[in-house]
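If you want the building blocks of each chain, they are given just below.
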Amino acid sequence: MNVKTLLIIEDEAPIRDMINFALAPAGFKLILTGSVAEAERSLAKHIPDLILLDWMLPGTSGIDFAKKLKQNPKTREIPIIMLTAKAEEENKIKGLETGADDYITKPFSPRELTARIKAMLRRGPLVSPDGVIQINQLCIDVNTHQVTINNQLLELTPIEYKLLYFFATHQDRIYSREQLLDHVWGTENYIDERTVDVQVRRLRCRLQTHGYDHYIKTMRGTGYQFTVTNP
Ligand code: CA
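Residues numbered from 1 in each chain as written. Predicted model: local features only at pLDDT ≥ 70, side-chain atom pairs only at ≥ 80, totals over all residues. Heavy atoms only, no water.

**Comments concerning helix H7 (residues 177-185)**
And step 1. Residues of H7 that are buried: Gln179, Leu180, Leu181, Val184 and Trp185.
And step 2. Positive phi appears at Gly186, one or two residues downstream of H7, with a value of about 90°. (Buried < 20%, exposed > 50% of the residue type's maximum accessible area, 1.4 Å probe, protein only. Helix = DSSP H or I, 4+ residues; strand = E, 2+ residues; numbered from the N terminus.)

Written out as C-alpha cells, the structure reads:
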C-alpha cells in the first residue's frame, strides 16, 4: 500500500501537535509546517496527496494560498481541506469558492479529521493526467472541451459545457444561482438569475438522453447540486 503524504499548514503549535497525534496512527506521512513560506519550500521538493490548510495564518492567509495553489498547474489537483474557526463559519462558502475542496470547523475530533481526509483521498484525482474527467460513463475532455457519454458525443453549447465542467469539478456542494452566475458566467455582465435555471434545464435535457440528468439536483430555495452518490 502506498503511503499518502499530507502537507499540514497550521501556525498554532498545539493544533499542529493534535493533528500529528490524530493522523500519524492512520498511517499517513505528515509534513508539518507553520506558515505558507515553509509550505512553499516543502512543495518545491515534494507534491503531497492532500493539503490541510489553516484559514488564519500570519502573513499570507489560507484563503490566498488556496487560490494560489489552484492557479498553479503543478499544484492545482491537490485536494485542499481548510481548517476554520467557529467564528469564520459564514466564510466557509467563500473558502470553497476560492479553491478549498472541503473544510473542517475547529474544534474537531481526531476521528472526524481522519474520516474527512480519507473520504477526500478516496475521491482520487479528478482530472486524469491526459486531461479527462470521468464520472461513470460521462467523459469530459478538458483540453478539447468534448463531452461523451457511453462514447457518444454530447453536443453542448459553450455555456452548457462551462456549466457542466463547473458542476463536475465542484461535486456534492450546493451552489446558489448567484454563485453559479459568478463562477460560470463571470461577474462582469449583469445576467438575470433565471438564466441559470434556463441553462440548467437545457443541460439536463442533454444529459437526459443518456439517463444522466439526475446528477443535477435542484435544492429548493437554495440552488443546485451536482452529485452522483444518491439516485
Ligand atoms: Ca491559525
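There is more to say after this.
**So, the packing of helix H1 (residues 13-23) against helix H5 (residues 110-123)**
And step 1. Two elements in contact, H1 and H5, have axes separated by 9 Å at closest approach and are oriented at 65°. With respect to H5, the element H1 is oriented roughly perpendicular. Of the two possible hands of crossing, H1 and H5 adopt the one that is right-handed. Contacts between H1 and H5 involve Met18, Ile19, Ala22 and Leu23 on the former and, on the latter, Pro110, Leu113, Thr114 and Ile117. (Axes fitted to C-alpha atoms, helices over the stretch in contact; angles between N-to-C directions. Parallel < 35°, antiparallel > 145°, perpendicular 65-115°, else oblique. Left-handed = near helix turned anticlockwise from the far one by under 90°. Contact = heavy atoms within 4.5 Å.)

**Focus: the packing of aromatic side chains**
And step 1. Taken as a whole and assessed by the stated rule, the structure comprises five aromatic pairs.
And step 2. Joined through ring pairs, the aromatic side chains of Phe167, Tyr212, Tyr215 and Phe226 make up one cluster. (Phe/Tyr/Trp six-rings, centres within 6.5 Å; stacked < 30°, edge-to-face > 60°.)

**So, the environment of Met120**
And step 1. Topologically, Met120 is positioned in helix H5.
And step 2. Setting aside residues up to four positions removed in sequence, Met120 forms contacts with Leu50, Pro79, Ile81, Asp101 and Asp102.

**Some thoughts on the sheet that holds strand E7 (residues 138-141)**
And step 1. Spatially, four strands are ordered E6-E7-E8-E9 in an open sheet, and the strand pairing comes out antiparallel. Here the strands that pair on one side only, and so sit at the sheet edges, are strand E6 (132-135) and strand E9 (152-154). Shown here is a sheet whose adjacent strand axes are inclined to one another by a mean of 25°, direction ignored.
And step 2. Contacting E6, E7 and strand E8 (146-149), helix H6 (residues 158-169) runs over the sheet at an angle of about 110° to E7. (Pairing = 2+ DSSP bridges.)

**Things to note about the packing of helix H2 (residues 36-45) against helix H3 (residues 62-71)**
And step 1. Closest axis-to-axis distance for the H2/H3 pair is 11 Å, and the angle between their directions is 20°. One element, H2, and the other, H3, form an angle in the roughly parallel class. When the axes of H2 and H3 are compared, the crossing they make is right-handed. Residues Val36, Ala39, Glu40 and Leu43 of H2 touch H3, and the partners they reach there are Phe65, Lys68 and Leu69.

**Let's talk about the coordination of the calcium ion**
And step 1. Asp11 (OD), Asp54 (OD) and Met56 (O) make up the full set of protein donors to the calcium ion, lying at 2.1 to 2.3 Å.
And step 2. Going along the chain, you hit the donors of the calcium ion in the pattern D-x42-D-x1-M. Of the two residues, Asp11 sits in the loop between strand E1 (5-9) and H1 while Met56 sits in the loop between strand E3 (50-54) and H3, which places them 45 residues apart along the sequence.
And step 3. Exposure remark for Asp11: the relative accessible area of 29% places this residue in the partly exposed category. (Donors = N, O, S within 2.8 Å, 3.2 Å for Na, K, Ca; no water.)

**Details of the sheet that holds strand E2 (residues 29-33)**
And step 1. Taken in spatial order, the five strands of this open sheet run E2-E1-E3-E4-E5, and their pairing is parallel. Only two strands of the sheet have a single neighbouring strand rather than two, namely E2 and strand E5 (102-106). Here the average twist between neighbouring strands, direction ignored, is 20°.
And step 2. For E3 and strand E4 (residues 80-85), the ladder comprises four bridges, and the chain directions are parallel. Looking at the pairing, Ile51 lines up with Ile80 of E4.
And step 3. Its contacts with the sheet put H2 on E1, E2 and E3, and the angle it makes with E1 is roughly 160°.
And step 4. The sheet strands contacting H3 are E1, E3 and E4, and the helix crosses E4 at an angle near 170°.

**Re the pairing of E7**
And step 1. Here E6 pairs with E7 via four bridges, running antiparallel. If you follow Ile135 over to E7, its bridge partner there is Leu138.
And step 2. Hairpin connection, E6 to E7: the antiparallel pair is bridged by two residues, and Asn136 has positive phi, about 50°.
And step 3. Here E7 pairs with E8 via four bridges, running antiparallel. Residue pairing for E8: Asp141 is matched across the bridge by Gln146.
And step 4. Taken together, E7 and the strand that follows it, E8, pair antiparallel across an intervening segment of four residues, in which His145 is found at a positive phi of about 60°.

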